[in-house]
Amino acid sequence: MIRRKRPAAGVCALLAALTAGLAFPAGAAAGEPTGQDAPKVNLVLDVSGSMRARDIDGRSRMAAAKQAFNEVLDATPEEVELGIRTLGADYAGDDRKEGCKDTAQLYPVGPLDRTEAKTAVATLVPTGWTPIGPALLKAADDLDGGEGSKRIVLISDGEDTCAPLDPCEVAREIAAKGIGLTIDTLGLVPNVKMSRQLSCIAEATGGTYTSVEHQDELTDRVNELVDRAAEPVVTPVATEGAGSCDRAPVLTSGLYTDREEFGQQRWYRVEVLPGQELRASVSVAADRAVRPDYGVLLRAVTVHGRETVRGEATGNGRTDVLSTGLRHPEPEREDGDGDKPAAEVVCLVVTNSFSADSGVKTTPGLPLELTIDVVEGPDGAGDVASFGLGRGWWLLGALILTGFLAGLVWGWLSRWRVAVWRTN
């Protein structure tokens, strides 16, 4: 699965609409929710000695992590079974072999007792080594069993110190088990080497990597990932876009994944009947080091090459995923012979402007996630935007009327007070 220059105002409004409107219909052919078991999340926290560093908003990394965990525990949905595992929390010696065994389950994965979990977190003191690989293996075992969503959230401030057990290989091994486990990683005040390792771990399981330099960023991101675990499990369908519309695969409503080379275009086709509306969104992830200025463009094009609508987003290096979306309504057509009108073929084309320095691998392509939803179009003018405001005209009108009445009342009161003052 697929993480800030700000998109144009129109795109922001569009994405808000997509957030409200992009839902998978019961008959979707791809990306169906699966699994009925409770979602499980295992928070894996680095408690190595380097967590003493005081470079997160003037506080130590450990203090920032503790506060973030307390806020996350308060906000965890009731249906989520949550656990906490540590690495480097107990062994303070110099024996590397012993240090690389230092991982323990601080709070078992299961129904959450917030008070007990907070008490356990409060006892943590930065101590030892950074055995990320061994901790991931144990964390995966903690989540064994069940068909619900499983997610590991790894928070670390340094790369693994237990080579030759490579954490990337460990993540690939976990992914190869086919247990549907996703690993998301967060790097505290990261350097290039650490970012590369944590990105590799996340990429191997379809997770995300986020760099964090402030405590509120840590809290928000962990909360987001825990909340995501509570959502229905959706299995994306792998597809392969083409270099032109006439060769593109035909997609129906659902969630799809693909890979896109740097600067490449990927084409897809969707059939839309008259009176229906196509809603599409795309996310492209930078799963390796890229140059800071980049963008993603999603366009809807007719088979004759005419663009009908587009969505675009740009980034400046502060986020690892760019997302944008669009809506393409297909108007009703008069059908004189009574036959069912034919579907319109809409070509979707995704373009990215990511670039990388020499030495950075360009293959495989960047992870791409595409959401397609074909729904019944709006019934009337009330659903159509008016100068970009849509139904917001009602609110604007109410505000204008309220302001007018308030002005009248204030003017009358002012004149009355002046008249009283002159009389006295």
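What counts, and where the lines are drawn
Residues numbered from 1 in each chain as written. Predicted model: local features only at pLDDT ≥ 70, side-chain atom pairs only at ≥ 80, totals over all residues. Heavy atoms only, no water. Disulfide = S-S within 2.5 Å. Helix = DSSP H or I, 4+ residues; strand = E, 2+ residues; numbered from the N terminus. Buried < 20%, exposed > 50% of the residue type's maximum accessible area, 1.4 Å probe, protein only. Patch = residues over 30% accessible without salt bridge, like charges linked within 9 Å, V, L, I, M, F, W, Y side chains within 5 Å. Areas by Shrake-Rupley, 256 points an atom, 1.4 Å probe, with all protein chains shown as cover. Salt bridge = Lys/Arg side-chain N within 4 Å of Asp/Glu carboxyl O. Lys, Arg positive; Asp, Glu negative; His and termini not counted. Charge placed at Lys NZ, Arg CZ, Asp CG, Glu CD. Pairing = 2+ DSSP bridges. Expected span 1.5 Å × (residues − 1). Arc of directions from axis to C-beta. Contact = heavy atoms within 4.5 Å.

- You'll find the protein entered in an unreviewed UniProt entry as VWA domain-containing protein, with Streptomyces griseoloalbus given as the organism.

## Notes on the state of the cysteines
- Counted under the stated rule, the structure contains 3 disulfides.
- Disulfide pairing is shown between Cys100 and Cys162; the S-S distance is 2.0 Å. On the sign convention where negative means left-handed, the S-S torsion of about -100° between Cys100 and Cys162 marks this disulfide as left-handed. On the criterion of sequence distance, the pair formed by Cys100 in the loop between α3 (96-99) and β4 (103-110) and Cys162 in the loop between β5 (150-156) and α6 (167-176) is long-range, its members being 62 residues apart. Considered together, Cys100 and Cys162 belong to a single accessibility category, that of buried residues.

## Observations concerning a negative patch on the surface
- Taken together, the side chains of Asp57, Glu71, Asp216 and Asp220 define an acidic patch exposed on the protein surface.
- Among the structural elements, Asp57 can be located in the loop between β2 (40-46) and α2 (61-75).

## Points about the sheet that holds strand β17 (residues 344-352)
- Taken together, 5 strands build an open sheet; the order of strands is β10-β12-β17-β14-β15 and the sheet is mixed. Of all the strands in the sheet, the pair left with one neighbour each is β10 (250-251) and β15 (307-315).
- Note that strand β14 (residues 294-302) and β15 share 8 bridges and pair antiparallel. Paired with Leu297 across the strands is Glu312, a residue of β15.

## Some details on α2
- Here α2 is 15 residues long and its end C-alpha atoms lie 21 Å apart, about the 21 Å a rise of 1.5 Å per residue gives.
- The set of residues buried in α2 consists of Arg61, Met62, Ala64, Ala65, Ala68, Phe69, Val72 and Leu73. The buried residues of α2 occupy an angular sector of 165° when the element is viewed end-on, so they sit on one face.
- Check the buried side of α2 and you find it contacts β2, β3 (81-87), α4 (114-122), β5, β6 (181-188) and α8 (215-230).

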